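# Architecture at a glance
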Amino acid sequence: MFDIFEFLKGRLFATRLLLLVCVAGLTAIGIMMIYASGNPANSQMQQFAGYSSLWKKQCLFAAAGFVGFLLMNSFSYKKLGQISFWLYAFVIALLFWLVLDKVVDVPFVTAKHGARCWFVIGPMQFQPSEFFKFAYIVALAWHLRYRSNYRNFSSLIPPFV
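First, a word on scope: everything that follows refers to the structure included in this document. (Residues numbered from 1 in each chain as written. Predicted model: local features only at pLDDT ≥ 70, side-chain atom pairs only at ≥ 80, totals over all residues. Heavy atoms only, no water.)

Right, let's talk about the pattern of salt bridges for a bit. Inspection of the entire model under this criterion finds 1 salt bridge. Ionic pairing is found between lysine 133 and glutamate 130, a salt bridge with its closest N-O pair at 3.2 Å. Pair noted here: lysine 133 and glutamate 130 are both in helix H5 (residues 128–144), with a separation of 3 residues, about one helical turn. Glutamate 130 sits in the partly exposed class, given a relative accessible area of 43%. (Salt bridge = Lys/Arg side-chain N within 4 Å of Asp/Glu carboxyl O. Helix = DSSP H or I, 4+ residues; strand = E, 2+ residues; numbered from the N terminus. Buried < 20%, exposed > 50% of the residue type's maximum accessible area, 1.4 Å probe, protein only.)

Printed below as a string of structure tokens:
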């Protein structure tokens, strides 16, 4: 069974709790700054009057980030490592799908600001290159976890290729 608050247990409890409080404080300060910039108090700030509702959107993003934080901490990173190569292969397939769009018009890929690097599926849109960063780091870490020859450059060529 998943224990969502597993990250608060253990010997680094105070450090983890301090980190969580700092992140929550910085997020709250950021939302307050967005709120303050969207509610002009004087006539020189009237050009920013259209931004008055952006703080609500930022609150939704902060809540989604917190839910993602809890989900990522609800399971062991070791299980993520076991599926890292499948995750890596899936993201490579998504990137290949984008490259294929250069040749043939494929579904779910639309142009955004002149670049065709976004997937749009219903109301959801995402860039696979952002997922690739995560998948690459996890797959590389899993690959190098028990290697003793990772200190020379020639042993790092296969993972980078």
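Now for the nonpolar core. Within the largest apolar cluster, 6 residues are counted, these being Leu94, Leu98, Val106, Val109, Phe119 and Phe126. Ignoring sequence-local partners within four residues, the contact set of leucine 98 consists of Val109, Arg116, Cys117, Trp118, Phe119 and Pro128. (Core = buried A, V, L, I, M, F, W, Y, C linked by side-chain atoms within 4.5 Å. Contact = heavy atoms within 4.5 Å.)

Judged by pairing direction, the sheet is antiparallel, and its 3 strands sit side by side in the order S1-S2-S3 without closing on themselves. Only two strands of the sheet have a single neighbouring strand rather than two, namely strand S1 (109–112) and strand S3 (124–126). Going across the sheet, the axis of each strand differs from the next one's by a mean of 45 degrees, ignoring polarity. As judged from the 3 bridges shared by S1 and strand S2 (residues 115–121), these two strands associate in the antiparallel manner. Opposite valine 109, over in S2, you have phenylalanine 119 as the bridge partner. Docked against the sheet, helix H4 (residues 84–103) engages S1, S2 and S3, running at close to 120 degrees with respect to S2. (Pairing = 2+ DSSP bridges. Axes fitted to C-alpha atoms, helices over the stretch in contact; angles between N-to-C directions.)

None of the figures reported here should be taken as evidence of function without further support.
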